[in-house]
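Remarks on the overall topology
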Amino acid sequence: MLRALYVDFNSYFASVEQQLRPELRGRPVAVVPMIADTTCAIAASVEAKRFGVKTLTNVADAKRLCPEIVLVESRPAVYVEFHQRAKVVVESVAPIASVNSIDEMWIRLTGRDQPRPAAEKLALEIKYRLRQQLGECITSSIGIAPNAFLAKTASDMVKPDGLVVIELTDLPNALMSLRLNHFVGIGRKMLERLHDHGIKTTPQLLEADAAKLREVWGGVEGERFWQKLRGEDISSRETKTSSISHSHVLAPDTRSHARAQAVLSRLTQKAAMRLRDGGFVTNDVSLYLKLRGGEKRKAHQRVDATDRTSTLLTSVQTLYETLMRDREVRNSTPMAVGMAFSGLSPREGQSLSLFDAQPNTEKLDRVVDELNLKFGKNTLFWGGAFSAQQSARMAIAFNHIPDLVIEGDSKDRDRKLPENARPPNTRRRV
C-alpha cells in the first residue's frame, strides 16, 4: 500500500535565483553567503552540479571545477517567502502532512490516492502546478512509497525532476543498488558504526535482522530503522525544540576579534529574541570559533535558567574572553563564529534565579522585542552589536525555516520576493 508522497525541490536556492533572474537560466550557478573565494557554496544549480560543484564546495574549488560558474549572494528572505508560496501550491493539490525542511515536504496518501495510478497522477499534478504558478525553473523530484522514509529515499533516486515509485513488492530489490549513506539517518558517524559491526554495503544492511540494527544504533531507533526499510508505517516521534543557535562566516574585511565579538553580540540578541518568542529559557550557553587554517575552538557555560538578553550577552562575552586566554587564539584570525542556547525548558512556571547579578531587564527586553518586530531588527539593540549591523543576516538551516517577522531585518525585507514574481492565489483540490 502506498501511504506517502515526498516532494523534494531540485537545487532549491539556485533554482529560485534562476527563476527570478532569467539571465542565470541554463548557466552554472553557486549561491554563496558572501562573494569571497574563502567561503563555500550553500547551493549549486543543476548545471553546476554537472561539473562536480555541490553544497559546501569551496568557492576556489568551484571556480577550478567550473571556470564559468556564476556566484550569487544568498537572499534567505526570498527563499523563505518562495517556500511559503510553494506550500500553498502543494496544499492546493493535497494536504501537507509535514514540512521537513525549506525544500522538502510530504503528503500522506489516503483512500482514493493510494492506488499507484492515482498517486502518480497526484505527483504529476503537483509538478505541473509548481511550474505553472511558481515558474519553469522550479522543479521537484517526487518519491512515492509505503512510508515517508522510503518516499524520501525514492525522491533522491532520480534527479532532477524525477518521479520514482517504490511498492512493497519492489522491496528489497529496489534498494539494493543504493549506497549506505543514501538513507536518511546514516551520516558519517553512523556509517562508521555500521562498518564497525560488519555492515559495509546496502545488501548487508537489508539482510541484518532487527536485533542487529538495534545493537548498531544502541537502542530502539535501530529497530525502527529496520521496520522503515521494510515499508512499515512507523509514525515519527514527537520532537521538541532542544536548542537555538546561530552562526556566521565573517567577511574578509571583518576578520578581527573585535568584529567577531560584535557579530556574536548580534547573533546572541537574535537568539534571545527567538528564545522569548518560543516561550523558553536556557541553562546552557555555548560558543564556537573557527580560526584561519581550520582550527576550531569551543566553550560552554552553565547558567541559571534565563531568557534575559543582558545575562546571555555577558555569558557569551565571558566565554570569548576565556578562549582569548589561549595565545594561539589571540594571535590567529577568526574566520567564523557561532553560539547556541541549549537545555531549553518552558518559561511558563519557571522561577528565575534569585542570585542573578544582572539587573532585571524583563520589561526592557519586552519593549525591545516589540519595537524590533514593528520597525525592523536594527531599531533598538545592545551596543556591542553596533559594528555588526550589516552582518549576520538571516540564515536557513536544514531543520529551521526562519520566521520573516521574528528573524528578518530591514535588509532581509528589501530582498523579499518581488510582487510580480508571486504566484496567484490557488484553489484547494476537492
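The following refers to the structure shown.

Rules behind the numbers
- Residues numbered from 1 in each chain as written.
- Predicted model: local features only at pLDDT ≥ 70, side-chain atom pairs only at ≥ 80, totals over all residues.
- Heavy atoms only, no water.
- Helix = DSSP H or I, 4+ residues; strand = E, 2+ residues; numbered from the N terminus.
- Contact = heavy atoms within 4.5 Å.
- Areas by Shrake-Rupley, 256 points an atom, 1.4 Å probe, with all protein chains shown as cover.
- Phe/Tyr/Trp six-rings, centres within 6.5 Å; stacked < 30°, edge-to-face > 60°.
- Buried < 20%, exposed > 50% of the residue type's maximum accessible area, 1.4 Å probe, protein only.
- Axes fitted to C-alpha atoms, helices over the stretch in contact; angles between N-to-C directions.
- Parallel < 35°, antiparallel > 145°, perpendicular 65-115°, else oblique.
- Left-handed = near helix turned anticlockwise from the far one by under 90°.
- Patch = residues over 30% accessible without salt bridge, like charges linked within 9 Å, V, L, I, M, F, W, Y side chains within 5 Å.
- Salt bridge = Lys/Arg side-chain N within 4 Å of Asp/Glu carboxyl O.
- Lys, Arg positive; Asp, Glu negative; His and termini not counted.
- Charge placed at Lys NZ, Arg CZ, Asp CG, Glu CD.
- Pairing = 2+ DSSP bridges.
- Polar contact = N/O pair within 3.5 Å; in protein donor to acceptor, adjacent residues only side chain to side chain.

A few words on the overall build of the protein. From N to C terminus, the protein includes 16 helices and 13 strands. Put simply, 66% of the contacts in the protein that link residues at least 6 apart link residues at least 24 apart. Counting every atom, the protein has about 21,100 Å² of accessible surface; 50% of that belongs to carbon and sulfur.

Inspection of the entire model under this criterion finds six aromatic pairs. Seen in terms of ring centroids, Phe 13 and Tyr 79 are 4.5 Å apart; in terms of plane orientation they differ by 10°. Their pairing is stacked. Linking Phe 13 in helix α1 (residues 12–20) with Tyr 79 in helix α4 (residues 76–91), this pair joins segments that are 66 residues apart in sequence. Taken as a pair, Phe 13 and Tyr 79 share a single burial class, namely buried. Members of the aromatic cluster, joined through ring pairs, are Phe 9, Tyr 12, Phe 13 and Tyr 79.

In contact at an axis separation of 9 Å, α4 and helix α5 (residues 116–134) are set at 135° when each is read in the N-to-C sense. As summarised for this structure, α4 and α5 are arranged oblique, according to the angle between their axes. The hand of the α4/α5 crossing is right-handed. Two secondary-structure elements touch here, α4 through Phe 82, Arg 85, Ala 86, Val 89 and Val 90 and α5 through Ile 126, Arg 129, Leu 130, Gln 133 and Leu 134.

Among the surface-exposed residues, Lys 189, Lys 290, Lys 296 and Lys 298 lie close enough to one another that they form a single positively charged patch. Structurally, Lys 298 is set in strand β11 (residues 296–306). When its relative accessible area of 67% is taken as the criterion, Lys 298 is described as exposed.

Moving on, we get to unusual backbone geometry. Lys 159 connects to Pro 160 through a cis peptide bond whose omega is -5°. Relative to the helices and strands, Pro 160 resides in the loop between α6 (148–155) and β8 (163–165). Put simply, Leu 171 and Pro 172 share a cis peptide bond, and its omega is 0°. Looking at the secondary structure, you find Pro 172 in the loop between β8 and α7 (188–196). The phi dihedral of Leu 56 is positive, around 80°, even though this residue is not glycine. On the secondary structure map, Leu 56 appears in the loop between α2 (46–49) and α3 (59–65). Residue classification places Leu 56 among the exposed residues on the basis of a relative accessible area of 64%.

Here the focus is the sheet that holds strand β2 (residues 29–32). Here three strands make up an open sheet; going across it, the order is β3-β2-β4 and the pairing mixed. The two strands at the open ends of the sheet, each matched to only one other strand, are β3 (43–44) and β4 (70–73). Two elements, β2 and β3, share two bridges in a ladder whose sense is antiparallel. Bridge pairing links Val 31 to Ala 43 in β3. α1 contacts β2, β3 and β4 of the sheet and is inclined by roughly 110° relative to β2.

Before going further, it helps to examine the sheet that holds β8. Taken in spatial order, the five strands of this open sheet run β5-β6-β1-β7-β8, and their pairing is mixed. With one partner strand each, in any of the chains shown, β5 (98–101) and β8 form the two edges of the open sheet. Strand after strand, the sheet turns through a mean of 15° between neighbouring axes, direction not considered. Here strand β1 (residues 4–9) runs beside strand β7 (residues 140–145); their pairing, made up of six bridges, is antiparallel. Residue pairing in the sheet places Val 7 in a bridge with Ile 142 of β7. Here α5 sits on the sheet and contacts β1, β6 (104–108), β7 and β8; the angle it forms with β7, its principal contact strand, is near 165°.

With respect to the secondary-structure elements, Gly 162 resides in the loop between α6 and β8. What makes Gly 162 buried here is its relative accessible area of 4%. Sequence-wise, Gly 162 and Ile 142 are 20 residues apart; in three dimensions their C-alpha atoms are separated by 6.1 Å. In contact with Gly 162, other than residues within four places in its own chain, are Lys 127, Ser 140, Ser 141 and Ile 142.

Any two side chains of opposite charge can pair, on the condition that their charged atoms come close. Scanning all chains against the criterion turns up 24 salt bridges. Two residues, Asp 37 and Lys 63, come together in a salt bridge whose shortest N-O distance is 2.7 Å. Note that Asp 37 is positioned in the loop between β2 and β3 and Lys 63 in helix α3, a separation of 26 residues in sequence. For Asp 37, a relative accessible area of 39% corresponds to the partly exposed category. With its nearest N and O atoms 3.6 Å apart, the salt bridge here joins Glu 81 to Arg 85. Here the residue Glu 81 and the residue Arg 85 both occupy positions in helix α4, the gap between them amounting to four residues, near one helical turn. Residue classification places Glu 81 among the buried positions, given a relative accessible area of 7%.

Bringing the side chain of Ser 141 into the picture now. Along the chain, the position of Ser 141 falls in strand β7. With relative accessibility at 0%, the residue Ser 141 sits in the buried group. One polar contact links the side chain of Ser 141 to the main-chain amide nitrogen of Asp 161, over a distance of 3.3 Å. Dropping the residues within four chain positions of it, Ser 141 is found in contact with Tyr 6, Val 7, Asp 8, Asn 10, Lys 127, Ser 155, Val 158, Lys 159, Pro 160, Asp 161 and Gly 162.

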